[in-house]
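Structural features, examined
Residue strings, one per chain:
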Amino acid sequence: MAEHYLVIVNGSPRRNGNCAVLVEQAAAGARANGAHVEIFNLGELNIHPCDACESCQEANGVCVIQDDMQKLYPHLRQADAILIASPIYWFSVSAQTKIFIDRCYALQGAVGNLLGAKRFGVMLTYGDVDPYTSGAVNAIRMFQDIMRYLEADLVGLVYGSANAPGEIRDRPEVLEQAYQLGQQLGS
Ligand SMILES: Cc1cc2nc3c(=O)[nH]c(=O)nc-3n(C[C@H](O)[C@H](O)[C@H](O)COP(=O)(O)O)c2cc1C
């Protein structure tokens, strides 16, 4: 049987931030279950916002914006599972994450529903101690709506409070949840 392919998208610009820690945990879990894992750090990529030209809907899923999203599209198409990690910025996902999501517009509609059969996971970190007042719940609601729209399986959500880069390491239960989500998405 072909190797399971998990694509992880990290929407934090902090190379050693809390999302990065959770991403490493999830990747380790997935690899332990034999999956092939690729990690894309959006902060290191040049990805423009969707400009609503609708070309992708006229050209069967081909986005005309020539930037680093073109590197991601083949991986997103091939992935069996996609895991999105984001810090909470202003009570929602980071702009990097939202721009990435908007550009996934090309993977649905005229071309069919290319994401609907994939399994998804979401990981969020935030500075506030409360998932409600931090805005994490807003982001969770957004992902739930996206998955309902795509008719995709949201396998798991991991979220935890941490502010300084890497502080999430002090939350072993959150690290364990990230590892387990990786295991689930990797098999
Ligand atoms: C621009 C900006 C906006 C933020 N907005 C929020 C917020 O609305 N709610 C919150 O709880 N934390 C907020 N934070 C804190 C981050 O969510 C928190 O530090 C998170 O753990 C960062 O993850 P990272 O280390 O992976 O980048 C914000 C941080 C920045 C830089």
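Anyway, here's the lowdown on the structure attached to this text. Everything numeric in this text was worked out from a predicted model, so none of it was measured. (Residues numbered from 1 in each chain as written. Predicted model: local features only at pLDDT ≥ 70, side-chain atom pairs only at ≥ 80, totals over all residues. Heavy atoms only, no water.)

Bringing the site of the ligand into the picture now. The environment of the ligand is made up of 17 residues, and the closest members are Ser12, Cys19, Ile88, Ala162 and Asn163. Within the side chain of serine 12, an N or O atom sits 2.6 Å from an oxygen atom of the ligand. Calculation on the ligand without its partners gives an accessible area of 640 Å², and the protein chains cover 78% of this total. With three residues, the top contributor of residues to the shell around the ligand is strand S3 (residues 81–89). Residue classes in the shell around the ligand are distributed as eight nonpolar, seven polar and two charged. (Near = heavy atom within 4 Å. Polar contact = N/O pair within 3.5 Å; in protein donor to acceptor, adjacent residues only side chain to side chain. Areas by Shrake-Rupley, 256 points an atom, 1.4 Å probe, with all protein chains shown as cover. Helix = DSSP H or I, 4+ residues; strand = E, 2+ residues; numbered from the N terminus. Nonpolar A, V, L, I, M, F, W, Y, C, P; charged D, E, K, R; others polar.)

What follows concerns the side chain of aspartate 68. With respect to the element layout, aspartate 68 can be found in the loop between helix H2 (55–58) and helix H3 (69–78). Of note is the side chain of aspartate 68, whose polar atom sits 2.7 Å from the backbone nitrogen of asparagine 46. Leaving out residues up to four positions away in the same chain, aspartate 68 has contacts with Leu45, Asn46 and Ile47. (Contact = heavy atoms within 4.5 Å.)

Moving on, we get to the nonpolar core. Residues Met69, Leu76, Phe100, Leu124 and Phe143 are the most contacted members of the largest nonpolar core, which totals 36 residues. Looking at this core, the elements with two or more residues in it are strand S1 (5–10), H3, S3, helix H4 (95–103), strand S5 (119–126) and helix H5 (136–150). Once residues within four sequence positions are removed from consideration, leucine 76 is found in contact with Val7, Met69, Ile82, Phe100, Cys104, Leu107 and Lys118. Counting residues in hydrophobic clusters, the runner-up holds 23 residues, among them Ala27, Ile168, Val174 and Leu185. (Core = buried A, V, L, I, M, F, W, Y, C linked by side-chain atoms within 4.5 Å. Buried < 20%, exposed > 50% of the residue type's maximum accessible area, 1.4 Å probe, protein only.)

A few words on the packing of helix H1 (residues 18–32) against helix H6 (residues 172–185). As a packed pair, H1 and H6 sit with axes 6 Å apart at the nearest point and diverge in direction by 40 degrees. Taken together, the axis directions place H1 and H6 in an arrangement best described as oblique. Of the two possible hands of crossing, H1 and H6 adopt the one that is right-handed. Contacts from Val21, Leu22, Gln25, Ala26, Ala28, Gly29, Ala30 and Ala32 in H1 reach Val174, Leu175, Ala178, Tyr179, Gly182 and Gln183 in H6. (Axes fitted to C-alpha atoms, helices over the stretch in contact; angles between N-to-C directions. Parallel < 35°, antiparallel > 145°, perpendicular 65-115°, else oblique. Left-handed = near helix turned anticlockwise from the far one by under 90°.)

Between its first and last C-alpha, H1 extends 21 Å over 15 residues, near the 21 Å set by a 1.5 Å rise per residue. Among all positions of H1, only Asn18, Cys19, Ala20, Val21, Leu22, Val23, Ala26, Ala27, Gly29 and Ala30 are buried. In the core, the buried residues of H1 are packed alongside S1, strand S2 (36–41), S3, S5 and H6. One or two steps after H1, the chain reaches glycine 34, where phi turns positive at roughly 90 degrees. (Expected span 1.5 Å × (residues − 1).)

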